Amino acid sequence: MLNMLLMLGAAAQTPVEPPLIPAFFTAQTLYEICARPNNGQCSMYVAGVIDGVFLTEARTGDETICRAAITNQKAAELVTAYLTAHPERRTESAASAVKAAIATALPCQAV
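Residues numbered from 1 in each chain as written. Predicted model: local features only at pLDDT ≥ 70, side-chain atom pairs only at ≥ 80, totals over all residues. Heavy atoms only, no water.

1. Re the overall build of the chain
Phase 1 of the analysis: Secondary structure summary: the chain contains five helices and zero strands in total.
Phase 2 of the analysis: Considering only contacts within the chain whose residues lie at least 6 apart along the sequence, 69% involve residues at least 24 apart.
Phase 3 of the analysis: Of the roughly 7700 Å² of accessible surface on the chain, 63% is carried by carbon and sulfur atoms. (Helix = DSSP H or I, 4+ residues; strand = E, 2+ residues; numbered from the N terminus. Contact = heavy atoms within 4.5 Å. Areas by Shrake-Rupley, 256 points an atom, 1.4 Å probe, with all protein chains shown as cover.)

Written as structure tokens, this is what we have:
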């Protein structure tokens, strides 16, 4: 009886597996997310990619995206506009498209 209660207690505390969300998706998928009226997911994804680019560039010393005072929403708008103007880029990864869009909008000048 005690074993059964312990098993029931353990079963009640077993975490529910979250739904599978692909770690990789195309710029087309990102474009579809960003084109929705509720684009908070878009701006947060774009901000995350930009943070990752900044981290990588800090380690390598390269600077392809200049740090500018823009909001997450403005960055998402830049990416959406870029993907609208360059539909051929939608087949690549979402992260590489974000980097290309932001680097195009906020290029760093060689010193």
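So, next bit.
2. Focus on the layout of surface pockets
Phase 1 of the analysis: Taken as a whole, the second largest pocket spans an internal volume of roughly 160 Å³.
Phase 2 of the analysis: Here the element with the most residues in the lining of the second largest pocket is helix α3 (residues 40-60); it accounts for four residues.
Phase 3 of the analysis: The residue makeup of the lining of the second largest pocket, split by class, is ten nonpolar, two polar and two charged. (1 Å grid on protein atoms, 1.4 Å probe; cavity = no way out; pocket = protein on both sides within 12 Å on 5 of 7 lines; lining within 4 Å. Points joined across faces, edges and corners; volume = space filled by probe spheres on them. Nonpolar A, V, L, I, M, F, W, Y, C, P; charged D, E, K, R; others polar.)

3. A short note on the state of the cysteines
Phase 1 of the analysis: Throughout the structure, instances matching the rule amount to one disulfide.
Phase 2 of the analysis: Each sulfur of the disulfide joining C34 and C42 lies 1.9 Å from the other. Because the sign of the S-S torsion sets the handedness, a value of about 85° for the bond joining C34 and C42 places this disulfide among the right-handed ones.
Phase 3 of the analysis: Look at C34 and you get buried, because its relative accessible area is 5%.
Phase 4 of the analysis: A residue is classified by how much of its surface remains accessible, and C42, at 1% relative accessible area, is buried. (Disulfide = S-S within 2.5 Å. Buried < 20%, exposed > 50% of the residue type's maximum accessible area, 1.4 Å probe, protein only.)

4. Here we look at the environment of H86
Phase 1 of the analysis: Position of H86 relative to the elements: it lies in the loop between α4 (72-85) and α5 (94-105).
Phase 2 of the analysis: The spatial distance from the C-alpha of H86 to the C-alpha of A101 is 9.5 Å, given a sequence separation of 15 residues.

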